[in-house]
Amino acid sequence: MVLIAALFVQAFQMALVVLLAPLLTGFIRLVKARLLRRRGPPVIQPYRDLLRLLRKEVVLAENASWLFRVTPYLIFAATWVAAAIIPTFATGLIFSWTADLIAIVALLGSARFFLTLAGMDVGTSFGGIGSSREVMIATLAEPSMLLIIFTLALIAGSTQLSSIAAFMTSTQAGLRVSLAIALIALVMVAIAENARIPVDNPATHLELTMVHEAMVLEYSGRHLAMIELAASLKLLLYISLIACIFAPWRLASPGAGPAVYLAGLLAYLAKLAAGGALLALFETATAKMRVFRVPEFLGAALMLALLATLLRFVSRSL
Amino acid sequence: MDGPVFDIAHMLAGGLVLVSMMMLYQDRLYALLNVFALHSLILTLSVAWQAFIQDAPHLYVTAAIALVFKAIVIPVVLHRMIRQLGIHREIETVVGIGPTMLAGIGLVALATVVMLRVTPEADPLAREDLAFALSVLLLGLLIMVTRRNAVSQVVGFMSLENGLVLAATGAKGMPLVVEISVAFSILIAFIVIGVFLFRIRERFDTVDVRALDDFKGRRRK
């Protein structure tokens, strides 16, 4: 009985992240449009786009291999599994004990690996540009992410997200400069990983600047829908990750009553809305940087993560 | 030492190291000055918090000096100086930002390792403050070494001095006279540097210190 309940909560969480992801993207677009004093499309526009793409015929390049056709599903699956591990509204879900933060990074890394392969598969120049830029960003973003995880693991004593969230809600965590620096670094990595504005503009098709768009240029129909959904899911994943580590309030612990779960769910929705609004605000306030400045930006994130690990040793040895 | 008291002191001192790293990252003069003002502001808060913990009212005076001179007067004066000198607002670095930041991380690691090894039986708060202060000091030196522009070297010097103040306040029983004399000697040094800056600029039409090298070379020939 307990197992069935746990399975139900896990299934609900998985369904929830997929259903919420396009809504979050639509919400961010709406907030951005309002900040620019435009009316903007309705919040449910991403759902409509996805449905439209699903109905459309798939056009494949002549020399596309099987890899090109499989990749969208692989990316979506890897991102979905990664999102299922993160405690969104409740800690201690079944899946979260099977994999930890490092596994999440590995899942996202393999998704990215297949995306860059698919970008080069058709053999157009745009795909190659996009893939090479994506890999350049990844080589700096992933070490930073891993260093942030090491800092968190050193402080909380675990790489399990549920344990980290439990540690952060306890009084042991306290105010630590390492945590503050890790938060800044994690936000920078999240911006780079999701191809948001200072690094890449998700709404542009300008060949000088695009990274993610260049790789998926050859996709159409349901393949494109899968990739778009995976991109939304990845954004939701990162906001949930930041919320779960640095704002783990109202997370329901396993075996709690339905009221606690409901409170956790409402808190999660509020956190997502806050994260999305902050992201939209940040994106309207900054300008896109040149591609050659990106290594500097991510290098700063890497340095911050290193500094966080170092300063953590200062406070440990006391 | 109970939780929040220690945590806040730790946050403020660690924040100072973080802002030092931010200074290392800046490549515009005005931005550098603003970050320096932030640096001094955090120093003020840190010193005031130390005064509160240690119950040492004379540290409030130090905090006030830091606030008035370092967070307000010196940045404003430097802003005016840059405008009067009419110099390039982009900072030329000797090596790129990336390697500089790496060197900075190395220095922070060095400071931490050295300080924690040599002070095993000191008070934890003082120990930590000393480690952070040495990092800030070394980062200030690094800023002075890696910049070609004389104004940014001045900023590096001032941030180095912020590290000194942090170390002084972490160590209990520092007399007020010493702190005031250090603060004022820095102020005098600042004035002297300011005068020199204008002289250098009159002589060479630039505040890039490479011009001085050229000058020396020509004399030797």
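Just so you know, these numbers come straight off a predicted model, no measurement behind them. (Residues numbered from 1 in each chain as written. Chains lettered and ligands numbered in written order. Predicted model: local features only at pLDDT ≥ 70, side-chain atom pairs only at ≥ 80, totals over all residues. Heavy atoms only, no water.)

Caption draft 1: Main features of helix H4 (residues 97-118) of chain B. All names here are of chain B. Between the first and last C-alpha of H4 there are 31 Å, a value that for 22 residues agrees with the 32 Å anticipated at 1.5 Å per step. Buried within H4 are the following residues: Ile 97, Thr 100, Met 101, Gly 104, Ile 105, Val 108, Ala 111, Thr 112, Met 115 and Leu 116. Axial view of H4: buried residues confined to an arc of 145°, hence all on one face. In H4, the exposed positions angled more than 90 degrees off the buried face are occupied by Arg 117 and Val 118. (Helix = DSSP H or I, 4+ residues; strand = E, 2+ residues; numbered from the N terminus. Expected span 1.5 Å × (residues − 1). Buried < 20%, exposed > 50% of the residue type's maximum accessible area, 1.4 Å probe, protein only. Arc of directions from axis to C-beta.)

Caption draft 2: Just the pattern of salt bridges, in detail. On inspection of all chains with the given rule, the structure shows 10 salt bridges over all chains. Across the salt bridge formed by Arg112(A) and Glu142(A), the nearest N and O atoms sit 3.1 Å from each other. Placement of the pair is Arg112(A) in helix H4 (residues 101-121) and Glu142(A) in helix H5 (residues 125-156), with a sequence separation of 30 residues. For Glu161(B), the salt bridge is made with Lys70(B), and the minimal N-O distance between the two is 2.7 Å. Placement of the pair is Glu161(B) in helix H6 (residues 150-170) and Lys70(B) in helix H3 (residues 58-85), with a sequence separation of 91 residues. What makes Lys70(B) buried here is its relative accessible area of 7%. What you see here is one network of salt bridges that share partners, running through Arg112(A), Glu134(A), Glu142(A), Glu193(A) and Lys234(A). (Salt bridge = Lys/Arg side-chain N within 4 Å of Asp/Glu carboxyl O.)

Caption draft 3: Quick peek at a nonpolar patch on the surface. Residues and elements named next belong to chain B. On the surface, Met 22, Leu 38, Leu 41, Leu 67, Val 68, Ile 72, Val 73, Val 76 and Val 77 cluster together into a nonpolar patch covering about 640 Å² of accessible area. Broken down by secondary-structure element, the contributors of at least two residues to the nonpolar patch are helix H2 (29-54) and H3. Here the nonpolar patch gets six residues from one element, more than from any other, and that element is H3. With respect to the helices and strands, Met 22 occurs in helix H1 (residues 3-25). (Patch = residues over 30% accessible without salt bridge, like charges linked within 9 Å, V, L, I, M, F, W, Y side chains within 5 Å. Areas by Shrake-Rupley, 256 points an atom, 1.4 Å probe, with all protein chains shown as cover.)

Caption draft 4: Spotlight on the nonpolar core. Formed by 155 residues in total, the largest nonpolar core has its most connected members in Ile104(A), Leu152(A), Leu236(A) and Leu307(A). If one sorts the elements of this core by residue count, helix H9 (residues 221-246) of chain A sits on top with 17 residues. If sequence neighbours within four positions are ignored, Leu152(A) has contacts with Leu101(A), Gly157(A), Ser158(A), Ile164(A), Met168(A), Leu179(A), Ile245(A) and Phe246(A). Of all hydrophobic cores here, the second largest spans five residues; its members include Phe6(B), Ala9(B), Trp49(B) and Leu125(B). (Core = buried A, V, L, I, M, F, W, Y, C linked by side-chain atoms within 4.5 Å. Contact = heavy atoms within 4.5 Å.)

Shape descriptors only; they carry no functional weight alone.
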